[in-house]
Structures are given as structure tokens and as C-alpha cells.
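Examining the three-dimensional arrangement
If you want the building blocks of each chain, they are given just below.
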Amino acid sequence: MLKVVPKSWLSWDFAVEDAVGMPWGEVGLSSWRERGSVSVGGQQFGVARQGLVGPFVLQGPAGPVAEASKPSAFKREFTLSFGGQECVLKQLSWWRREFGLLRGDVQVGSITPESWWSRRAEAMLPEDMPTEVRAFIVWLTLLMWKRDSNSGA
């Protein structure tokens, strides 16, 4: 389990801690555009969208690591591709901000807000998934929450 904690009241920069509260990484969303960064294990990764409606790409020092595309503007989900694998990150309910990670039809992870009004969250993601990809999944979820916040939803 990972704990996602905002660094300040209005910021979209987050510290990510492991289950016992030790630093695990950081996730940041840009204030101006849908881009940002993740850092884990002392490595920095950039996140940017290809074009206006293209996929979000997690870029590492050696090139692209993962990408996430939205199958529809009307669905609150991403199709995530990395290392020859594919999974889906999608909102589980219209009433809650919880997102689930699915491989096929099986839910293998989740990102759940601590409470209705909080930006703090818990992320339960597969341990066999690369750490930078897990951080990217947290980033994508926070992006959806930020979009909701910006739209006044």
C-alpha cells in the first residue's frame, strides 16, 4: 500500500509514502498544462501529452516507459501500456472518486481517496509492476481529480 499526501494546501504536488510512512516517491502535476513528473528510486520521469488529444507518455532517461490513452472523451478511464503489458485504469463509481486498475476483467489495484473532501489517498497497486509505472498510475488518477476540481464538479 502507498499513501499519497499533498505537499501543501493548494498544490498538486504530492509525496508518496510506503505503508509505514517512509518516502517512496513524488508526483507532481503542472499548474498550466496537463503535464507533470514522477520520481521514484532517485530517478526523475516526465509526463506529457503527445499533441492535443494524444496519449500521455511517461518519459524516462532512456526513452518512453509507458503510455496512457483515453478510449473516449466521455469515459473516465485510461488504457495503459508498458513493457508489453496492457491494463485499464477507470473510475469505479460515479459517486466516488475511487479508481480501479484492471487486467482484463480482474481488478488488481485501486486508488482511493481518504475521504470525500480530501486529496489524500491510498494506492493499492501490484508489487510486480515497475515502480515508475505505479507512480504514473497515481499521477493519472490525480489528473482526473484535478480536472474535477477545476471544473467545479
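Scope of this entry: the structure provided in the associated data block. (Residues numbered from 1 in each chain as written. Predicted model: local features only at pLDDT ≥ 70, side-chain atom pairs only at ≥ 80, totals over all residues. Heavy atoms only, no water.)

Digging into the overall build of the protein
A tally of helices and strands in the protein yields one helix and 12 strands. The C-alpha radius of gyration of the protein comes to 14 Å, within 12% of the 15 Å expected for a compact globule of 153 residues. Considered along the principal axes of its C-alpha atoms, the protein spans approximately 35 × 35 × 35 Å. Taking contacts inside the protein between residues at least 6 apart in sequence as the whole, the part at least 24 apart equals 34%. A total accessible area of about 8500 Å² is found for the protein, and carbon and sulfur atoms account for 54% of it. Once the 17 positive and 16 negative side-chain charges of the protein are each reduced to a mean point, those two points are 7 Å apart. (Helix = DSSP H or I, 4+ residues; strand = E, 2+ residues; numbered from the N terminus. Rg over C-alpha atoms; globule rule 2.2 N^0.38 Å. Contact = heavy atoms within 4.5 Å. Areas by Shrake-Rupley, 256 points an atom, 1.4 Å probe, with all protein chains shown as cover. Lys, Arg positive; Asp, Glu negative; His and termini not counted. Charge placed at Lys NZ, Arg CZ, Asp CG, Glu CD.)

Re the sheet that holds strand E1 (residues 2-6)
Spatial strand order, E1-E2-E3-E4-E5-E6-E7-E8-E9-E10-E11-E12: 12 strands in a closed barrel with antiparallel pairing. Going from strand to strand, the sheet's axes swing by 20° on average, the running direction of each strand aside. Strands E1, strand E2 (13-17), strand E3 (23-29), strand E4 (36-40), strand E5 (43-49), strand E6 (56-60), strand E7 (63-69), strand E8 (77-82), strand E9 (85-91), strand E10 (99-103), strand E11 (106-113) and strand E12 (121-124) of the sheet are contacted by helix H1 (residues 131-151), whose axis makes an angle of about 40° with E3. (Pairing = 2+ DSSP bridges. Axes fitted to C-alpha atoms, helices over the stretch in contact; angles between N-to-C directions.)

Focus on the packing of aromatic side chains
Here a ring pair, both rings aromatic, is described through the centre-centre distance and the interplanar angle of the planes. The tally for this structure, following the rule as stated, stands at four aromatic pairs. Residues Trp12 and Phe14 carry aromatic rings whose centres are separated by 6.0 Å and whose planes lie at 55° to one another, so their mutual orientation is tilted. The burial state of Trp12 is the same as that of Phe14; both residues are buried. Ring plane angle 75° and centroid distance 6.0 Å describe the contact between Phe56 and Phe78, whose orientation is recorded as edge-to-face. Of the two residues, Phe56 sits in strand E6 while Phe78 sits in strand E8, which places them 22 residues apart along the sequence. Taken as a pair, Phe56 and Phe78 share a single burial class, namely buried. Grouped by ring-pair contacts, the aromatic residues Phe56, Phe78, Phe136 and Trp139 constitute a single cluster. Looking at Lys70, its charged tip hangs above the ring of Phe78, at a distance of 5.4 Å from the centre. Lying across the ring of Trp12, Arg119 places its NZ or CZ 4.9 Å from the centre. (Phe/Tyr/Trp six-rings, centres within 6.5 Å; stacked < 30°, edge-to-face > 60°. Buried < 20%, exposed > 50% of the residue type's maximum accessible area, 1.4 Å probe, protein only. Lys NZ or Arg CZ within 6 Å of the ring centre and 35° of its normal.)

Concerning the side chain of Arg119
Along the chain, Arg119 turns up in the loop between E11 and E12. Buried within the structure, Arg119 lacks any salt-bridge partner; its nearest side chain of opposite charge belongs to Asp13, at an N-O separation of 8.6 Å. A polar contact is formed between the side chain of Arg119 and the backbone oxygen of Ser8, at a distance of 3.1 Å. What Arg119 contacts, discounting residues up to four positions off in sequence, is Val4, Pro6, Ser8, Trp9, Leu10, Ser11, Trp12, Phe14 and Trp145. (Salt bridge = Lys/Arg side-chain N within 4 Å of Asp/Glu carboxyl O. Polar contact = N/O pair within 3.5 Å; in protein donor to acceptor, adjacent residues only side chain to side chain.)

Concerning the nonpolar core
The biggest cluster of nonpolar side chains holds 39 residues, and the ones touching the most others in it are Leu80, Phe136, Ile137, Trp139 and Leu140. Among the elements that line this core, the one with the most residues is H1, at 11 residues. Excluding anything up to four places from it in sequence, Phe136 contacts Val38, Val47, Phe56, Leu58, Ala66, Glu67, Ala68 and Leu80. (Core = buried A, V, L, I, M, F, W, Y, C linked by side-chain atoms within 4.5 Å.)

A short note on the pattern of salt bridges
Tallied over the full model, the rule gives six salt bridges. In this structure, Lys7 and Glu26 form a salt bridge, with 3.0 Å as the shortest nitrogen-oxygen distance. Note that Lys7 is positioned in the loop between E1 and E2 and Glu26 in strand E3, a separation of 19 residues in sequence. Residue classification places Lys7 among the partly exposed positions, given a relative accessible area of 45%. Residue classification places Glu26 among the partly exposed positions, given a relative accessible area of 40%. Here Glu34 ties to Arg147 by a salt bridge, and the two come within 2.6 Å at their closest N and O atoms. Taken together, the residues span a long stretch of sequence, with Glu34 in the loop between E3 and E4 and Arg147 in helix H1 at a distance of 113 residues. On the accessibility criterion, Glu34 (28% relative accessible area) is partly exposed.

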